[in-house]
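One letter stands for each residue in the lines below.
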Amino acid sequence: MQGPKVKEFEEKWSNFTGAKHSIAVTSCTSALHLSLAASGFGQGDEAIVPAFTWISTANVVEHLGGKVVFCDIDLGTFNIDVEQIESKITSRTKAILPVHLFGLAADMEPILTLAKKHNLFVVEDAACGFGAKYKGQHVGSFGNTGCFSFHPRKAITTGEGGMVTTNYGELAEKIRRLRDHGAAMSDLQRHLGARPYLLSDHPDAGYNQRMTDLQAALGSAQMDRTDDIIAERQHLAGKYDQSFERLDWLQTPFRGDDYKHGYQSYPCLFMPDEINKGEISEINRIRNQWMDDLQNKGISTRPSTHAVHMLSFYQKKYNLRPTDFPNAYAADQCSISLPLFHGMNEKEQLYVIEKVLEYKN
């Protein structure tokens, strides 16, 4: 049941992000799905999605009968290349789904300009966006909606869970109904009302994508120490930055005056100069070898995420080749995320730094 703890968590999330409305749901995937569904997105509509992101960003488009239109990324930021978006827009385009990947905001200003010009719905995939800001404003408050994740790997977690943010009242009400089977009144509203025994009307054919009070209680408690959570991650990232700044074979996460990084993870690019020469297969082989070596030394790494156009479903359905989106392909094959997590102590991080610096390129 969505009870008082859900309401409390939603209010704290709105206060933190600056969004007028926050709607707690079962996952970020649910948040993305509800956002598009509430916009009227449906059969045959097109949505522009970065080719390098977690698969959920694309899957929700498929779930609603739409067509995924991939856009390549900027290798310097791992986020969508805003210079390529307009060339992807057709008469069937209904939405853009920019992703704030790994805690770094996408370049929202040109995206919003394009959306206004072409009358497009903007759904911010802010799964990793906790603590991320763009020009002083928290992500998730720029587009029509923002979608956050509380998966166990995230800086704030409820086990599984998500949140939709929006500044549009009517849209918020639509999403609240859709998450709760399309009900016009929530269980909490009904139980607190004059006639709690009467059931609600259902104006929409909705879904069961409600966060429970138990999950919300976990999230709400963590919201009381948001500054400490963000500061810890930025401290760890800063120490990595300082230690690796002279390594020409490892590109560390982008920093910019307009961006405050939330550091959901610490994504790097391995041997960036060689990538520019097109030697991706060889770099991938060497990177994997290095990751094996780090694993044997007790250091767990991973490719930062995957290029969705290279995954079997999308590759087959849309007849795509890895090189169709060369930067996403390079990021898929040559990125590496180093350990960064809550509670990581100085000794643990120094050990990671030591072993990275031992690598002989």
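Residues numbered from 1 in each chain as written. Predicted model: local features only at pLDDT ≥ 70, side-chain atom pairs only at ≥ 80, totals over all residues. Heavy atoms only, no water.

Comments concerning the sheet that holds strand β5 (residues 121–125)
Paired through their backbone hydrogen bonds, the strands of a sheet run either parallel or antiparallel.
At step 1: If you trace the seven strands from one edge of the open sheet to the other, you get β1-β9-β8-β5-β4-β2-β3, paired in mixed fashion. Edge positions in the sheet fall to β1 (21–25) and β3 (67–71), since each has one partner strand and no second. Each adjacent strand pair in this sheet contributes to an overall mean axis angle of 25°, direction not counted.
At step 2: With five bridges joining them, β1 and strand β9 (residues 162–166) adopt antiparallel strand pairing. When the bridges of β9 are listed, Val25 appears paired with Gly162.
At step 3: On top of the sheet, helix α6 (residues 169–179) reaches β1, β5, β8 (145–149) and β9; it is set at about 15° to β1, its chief contact. (Pairing = 2+ DSSP bridges. Helix = DSSP H or I, 4+ residues; strand = E, 2+ residues; numbered from the N terminus. Axes fitted to C-alpha atoms, helices over the stretch in contact; angles between N-to-C directions. Contact = heavy atoms within 4.5 Å.)

So, the pairing of strand β12 (residues 266–270)
At step 1: By the criterion of burial, β12 is predominantly enclosed, with five of the five residues buried.
At step 2: Burial along β12 is two-sided: Tyr266, Cys268 and Phe270 and Pro267 and Leu269, pointing in opposite directions, are all buried.
At step 3: With two bridges connecting them, strand β10 (residues 250–251) and β12 associate as antiparallel partners. Paired with Leu250 across the strands is Phe270, a residue of β12.
At step 4: Bridging between β12 and strand β13 (residues 335–338) involves four bridges; their strand directions are antiparallel. (Buried < 20%, exposed > 50% of the residue type's maximum accessible area, 1.4 Å probe, protein only.)

So, the pattern of salt bridges
At step 1: If you walk through the whole model with that rule in mind, you get 21 salt bridges.
At step 2: In this structure, Asp293 and Lys297 form a salt bridge, with 3.1 Å as the shortest nitrogen-oxygen distance.
At step 3: The partly exposed category is assigned to Lys297, whose relative accessible area is 30%.
At step 4: Between Lys355 and Glu358 there is a salt bridge, with the nearest N and O atoms lying 3.4 Å from each other.
At step 5: Salt bridges here are not isolated pairs; linked through shared partners, they connect Asp293, Lys297, Glu354, Lys355 and Glu358. (Salt bridge = Lys/Arg side-chain N within 4 Å of Asp/Glu carboxyl O.)

Brief notes about the environment of Gly18
At step 1: Note that Gly18 resides in the loop between α1 (4–17) and β1.
At step 2: By relative accessible area, which is 53% here, Gly18 ends up exposed.
At step 3: Taking C-alpha positions, Gly18 is 16 Å from Met108, a pair spaced 90 residues apart along the chain.

Things to note about the packing of aromatic side chains
At step 1: Tallied over the full model, the rule gives 25 aromatic pairs.
At step 2: Between Tyr134 and Phe142 the ring centres are 5.6 Å apart and the planes differ by 75°, which places this aromatic pair in the edge-to-face class.
At step 3: The class for Tyr134 is buried, based on a relative accessible area of 3%.
At step 4: Summarising the aromatic geometry, the rings of Phe270 and Trp290 are spaced 5.4 Å apart at their centres and angled 20° between planes, so their arrangement reads as stacked. Residue Phe270 is found in strand β12, and its partner Trp290 is found in helix α11 (residues 280–296); the two are separated by 20 residues along the sequence.
At step 5: Look at Phe270 and you get buried, because its relative accessible area is 0%.
At step 6: Under the relative-accessibility criterion, Trp290 is labelled buried at 3%.
At step 7: Within the aromatic cluster, the residues linked to one another by ring pairs are Phe9, Trp13, Phe16, Phe130, Phe148 and Phe150. (Phe/Tyr/Trp six-rings, centres within 6.5 Å; stacked < 30°, edge-to-face > 60°.)

Considering the pairing of β8
At step 1: For β8, a buried count of five out of five residues is recorded, marking the element as mostly surrounded by other parts of the structure.
At step 2: Burial along β8 is two-sided: Thr145, Cys147 and Ser149 and Gly146 and Phe148, pointing in opposite directions, are all buried.
At step 3: Pairing geometry for β5 and β8, over three bridges, is parallel. In the strand pairing of β8, Val123 is matched with Thr145.
At step 4: When β8 meets β9, the two strands line up antiparallel, connected through four bridges. Note that in β9 the partner of Gly146 across the bridge is Thr165.

Describing the sheet that holds β12
At step 1: An order of β10-β12-β13 is seen for the three strands of this open sheet, with the pairing classed as antiparallel. A strand with exactly one partner marks an edge of an open sheet, and here the two such strands are β10 and β13.

With respect to the packing of helix α9 (residues 226–244) against helix α14 (residues 346–357)
At step 1: At a closest axis distance of 11 Å, the pairing of α9 and α14 adopts a crossing angle of 30°. In terms of axis orientation, α9 runs roughly parallel to α14. Where α9 crosses over α14, the two elements pack in a sense that is right-handed. Counting all contacts with α9, which are made through Leu236, Lys239, Tyr240, Ser243 and Phe244, the residues of α14 involved are Glu346, Gln349, Leu350, Val352, Ile353, Val356 and Leu357.
At step 2: Among the residues forming the contact of α9 with α14, the class breakdown is eight nonpolar, two polar and two charged. (Parallel < 35°, antiparallel > 145°, perpendicular 65-115°, else oblique. Left-handed = near helix turned anticlockwise from the far one by under 90°. Nonpolar A, V, L, I, M, F, W, Y, C, P; charged D, E, K, R; others polar.)

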